[in-house]
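Listed here are the chains, written in short residue letters.
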Amino acid sequence: MSIKGQAAIVGAYEHPTRKAPDKSLAELHADVAKGALQDAGLTKQDIDGYFCAGDAPGLGPLSMVEYLDLNVRHIDTTETGGSSYLSHVAHAAQAIALGKCNVALVTLAGRPRSEGMATGTALRVHGVSPPEAPFEIVYGPTVVNQYAMCARRHMYEFGTTSEQLAWIKVAASHHAQHNPNAMLRNVVTVEDVVGSPMVADPLHRLDCCVISDGGGAVIVARPEIARGLKRPVVTLLGAGESPRGQNAGQVDLTTSAAARSGAAAFAEAGVKPSDIKYASIYDSFTITVLIQLEDLGFCERGQGGRFVADGNLISGVGRLPFNTDGGGLCNNHPANRGGMTKIIEAVRQLRGEAAPAVQVKNCDLALVQGMGGSIAQRHGSATLVLERTT
Amino acid sequence: MIEGLDALKLPDSGARIEPYWEHARAGRLALPRCAGCGRVHWYPRAMCPFCLSDDIQWEESSGRGTIYSFSVMRTKSPYVVAYVRLDEGVTLMTNIVDCDIESLQIGQAVSVRFVTRASVQVPVFTIADQTGGSR
């Protein structure tokens with residue numbers, strides 16, 4: 001059984017806030033749920049499935065179902081960090097195909113900016129009694145220095161340069177200038193990126209994503225329901241998920257679980273990388289994008305630096321327009337989790353509702369790539385292939 | 001040098017890992033080798049992640065390896081986080097200490113020593129003596 005064509009994304013909403021000191025976490029989740037319902041043209045009573053991850057308040061789905069007084073018969077709280085929401089879309093399609101629900105709501109929200117969180121540079125212990133902690137946390141691993149080790153190793157093995165990585169930020173900034181909600185709207189140059197302060201060699205401040213409050217939501221529904229609504233139908237063609245760790249001591253910092261999740265998603269969708277018109281690629285750091293592009297097969301392994309250089313990711317300029325909202329690198333990264341906003345911008349592109357200056361012409365096939373955790377440690381990759389079918 | 005370490009409370013790794021800590025307190029790096037499948041894994045587990053045997057034997061590492069990758073964290077007091085590939089074949093997270101942080105290279109030979117972090121003895125690495133320390 002396949003989920004190909006079994007479900008469609010009928011509602012998508014991104015919270016406009018980037019700093020929300022006066023809003024509670026539950027309120028942000030509720031805001032985006034309401035926004036996605038309005039976008040879809042559905043009501044709260046239509047929702048019979050609810051999906052959320054570790055960013056949800058309290059007891060997750062129990063707290064949010066109560067807060068919104070939802071009447072649902074299916075819940076899923078798959079937690080893989082920033083890629084969770086791609087998995088939720090895939091799992092919603094599975095649940096719909098099995099008759100477990102008809103209309104599924106997925107929400108994400110967070111307020112790390114208001115809470116003063118040093119997302120990339122502070123020590124963080126994840127979850128309850130992580131078994132690796134005595135062998136890792138004592139060395140000061142942070143999100144940025146872990147991805148920096150990936151970048152350093154990629155440079156060593158393949159000759160990738162800081163200037164090539166910088167092109168990823170440059171492309172994102174070209175897109176962000178057209179997004180009035182983006183945190184960083186100024187177009188930057190390669191020189192700006194490599195000239196910005198070093199955070200963890202070889203990653204500079206402008207190699208890193210922003211820290212923002214906010215959130216987003218999508219609604220996944222049965223195709224018959226989608227066709228009865230007024231919006232273009234964005235159908236899920238394929239999905240893949242894959243977790244990976246350090247392989248019990250066989251560390252490889254230049255590839256990720258995106259190789260497996262991507263291959264699975266392409267196979268289920270029956271398409272190949274060269275068919276993709278637009279790609280949302282998880283962009284916690286510039287190197288995150290480069291490794292995933294290689295793993296997904298958009299270019300050969302080791303060729304990511306050449307692939308992203310010279311504007312190849314800029315809409316209207318290059319071969320693979322990516323993150324046309326400005327992505328996590330320039331627009332927002334709500335709850336330190338970029339998966340939801342990646343889905344939302346792909347939906348905009350497929351509907352023809354992206355900012356006019358960055359809208360990809362005849363955009364009928366898009367890929368969404370999410371990454372949670374850290375490629376340098378344990379991480380979860382998820383990939384979606386979406387098609388506009390009306 | 002690494003901010004926030006003192007406040008860390010490390011989770012209990014369990015009695016089966018205690019031999020590792022006993023070696024560490026004596027300044028020796030012990031590696032878990034599975035008596036079932038013969039493979040060494042890292043980080044230490046209560047059972048072999050390859051074959052799920054719980055017959056883990058602890059053997060002393062040579063303490064030598066090479067830098068697989070590293071990053072200089074540019075905090076007020078910069079520090080070097082790294083992955084070191086041990087001669088025994090596993091790669092572990094660590095710090096490179098007492099080194100010129102501006103001249104580190106992937107592939108450099110390193111050797112182990114122990115320091116106290118968050119109240120436990122942990123292995124860190126220094127650049128190996130290029131003139132031949134064994135003479």
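None of these values were measured; they are calculated from a predicted model.

What counts and how
Residues numbered from 1 in each chain as written. Chains lettered and ligands numbered in written order. Predicted model: local features only at pLDDT ≥ 70, side-chain atom pairs only at ≥ 80, totals over all residues. Heavy atoms only, no water. Core = buried A, V, L, I, M, F, W, Y, C linked by side-chain atoms within 4.5 Å. Buried < 20%, exposed > 50% of the residue type's maximum accessible area, 1.4 Å probe, protein only. Contact = heavy atoms within 4.5 Å. pLDDT = per-residue confidence, 0-100. Helix = DSSP H or I, 4+ residues; strand = E, 2+ residues; numbered from the N terminus. Axes fitted to C-alpha atoms, helices over the stretch in contact; angles between N-to-C directions. Parallel < 35°, antiparallel > 145°, perpendicular 65-115°, else oblique. Nonpolar A, V, L, I, M, F, W, Y, C, P; charged D, E, K, R; others polar. Buried area = accessible area lost by both parts, 1.4 Å probe. Salt bridge = Lys/Arg side-chain N within 4 Å of Asp/Glu carboxyl O. Polar contact = N/O pair within 3.5 Å; in protein donor to acceptor, adjacent residues only side chain to side chain. 1 Å grid on protein atoms, 1.4 Å probe; cavity = no way out; pocket = protein on both sides within 12 Å on 5 of 7 lines; lining within 4 Å. Points joined across faces, edges and corners; volume = space filled by probe spheres on them.

Colleague: An account of the nonpolar core is needed here, citing residue identities and associated values.
Modeller: Residues and elements named next belong to chain A. Of all hydrophobic cores here, the largest spans 71 residues; its most connected members are Ile-168, Leu-203, Ile-287, Leu-293, Phe-298 and Leu-313. The residues touching Ile-168, leaving out its near neighbours within four places in the chain, are Thr-286, Val-289, Leu-290, Val-308, Leu-313, Phe-322 and Leu-329. Within the second largest apolar cluster, 38 residues are counted, among which are Tyr-85, Ala-92, Val-220 and Val-234.

Colleague: Provide a residue-level description of the confidence of the model for chain B, including the pertinent values.
Modeller: Mean pLDDT over chain B: 93, with 96% of residues reaching 70 or higher. Of the two predicted TM-score estimates for the complex, the pTM is 0.97 and the ipTM is 0.95.

Colleague: I'd like a description of the environment of Pro-16 of chain A, backed by residues and values.
Modeller: The residue Pro-16 of chain A is located in the loop between strand E1 (8-14) and helix H1 (25-40) in this model. Residues Pro-16 of chain A and Val-32 of chain A lie 16 residues apart in sequence; the distance between their C-alpha atoms is 9.6 Å.

Colleague: For the packing of helix H6 (residues 162-176) of chain A against helix H10 (residues 286-296) of chain A, give the residues involved together with the corresponding values.
Modeller: Residues and elements named next belong to chain A. At their nearest, the axes of H6 and H10 sit 9 Å apart, and the two run at 100° to each other. Judged by the angle between their axes, H6 and H10 are roughly perpendicular. Contacts between H6 and H10 pair Leu-165, Ile-168 and Lys-169 from the former with Thr-286, Ile-287, Val-289 and Leu-290 from the latter. When the residues that make up the contact of H6 with H10 are grouped by side-chain class, the tally is 5 nonpolar, 1 polar and 1 charged.

Colleague: So what's going on with the interface of chain A and chain B? Residues and values would help.
Modeller: With 40 residues of chain A in contact, the opposing surface of chain B contributes 42 residues. When the two sides are added together, the surface that chain A and chain B hide from each other amounts to roughly 3,300 Å², 65% of it contributed by carbon and sulfur. For chain A, the biggest contributors to the area lost against chain B are Phe-135, Tyr-139 and Ala-248 of chain A; these three give 25% of the whole. If you look at where chain A meets chain B, you find 1 salt bridge. Counting the contacts that link chain A with chain B gives 18 residue pairs in polar contact (both at pLDDT 80 or more). Elements represented by at least two residues in the side of chain A that touches chain B include exactly helix H4 (133-136), helix H5 (143-158) and strand E5 (198-200) of chain A. Here the element with the most residues in the side of chain A that touches chain B is H5 of chain A; it accounts for 9 residues. Here the residues of the side of chain A that touches chain B are counted per class, giving 22 nonpolar, 11 polar and 7 charged.

Colleague: Before we move on, could you go through unusual backbone geometry and cite the residues and values that matter?
Modeller: Here the residue pair Asp-201 of chain A and Pro-202 of chain A is connected by a cis peptide bond, since its omega of 0° sits within 30 degrees of zero. If you trace the backbone, Pro-202 of chain A turns up in the loop between E5 and strand E6 (203-204). Each neighbour pair has its own omega, and for Trp-42 of chain B with Tyr-43 of chain B the value is -5°, a cis peptide bond. With phi around 55°, Ala-248 of chain A is a residue other than glycine that occupies positive phi space. Inspection of the secondary structure assignment puts Ala-248 of chain A in the loop between strand E8 (234-244) and helix H9 (258-269). Judged by its relative accessible area of 7%, Ala-248 of chain A falls in the buried class.

Colleague: Residue-level account of empty space enclosed by the protein, with values.
Modeller: This structure, assessed with the given rule, holds 4 cavities of 30 Å³ or more. Lining the largest cavity are Phe-135, Glu-136 and Gln-246 of chain A together with Trp-42, Tyr-43, Tyr-83, Thr-91, Leu-92 and Met-93 of chain B. Contributions of two or more residues to the lining of the largest cavity are made by H4 of chain A together with strand E5 (91-96) of chain B. Among the elements that take part in the lining of the largest cavity, E5 of chain B stands out by supplying 3 residues, more than any other. Here the residues of the lining of the largest cavity are counted per class, giving 6 nonpolar, 2 polar and 1 charged.

Colleague: I'd love a proper account of the layout of surface pockets, names of residues and values included.
Modeller: Residue and element names in this part refer to chain A. Reported here for the second largest pocket is a volume of approximately 180 Å³. Along the wall of the second largest pocket there are 15 residues; nearest its centre are Glu-14, Asn-179, Asn-181, Asp-325 and Arg-348. Residues belonging to the lining of the second largest pocket are distributed by class as follows: 4 nonpolar, 5 polar and 6 charged.

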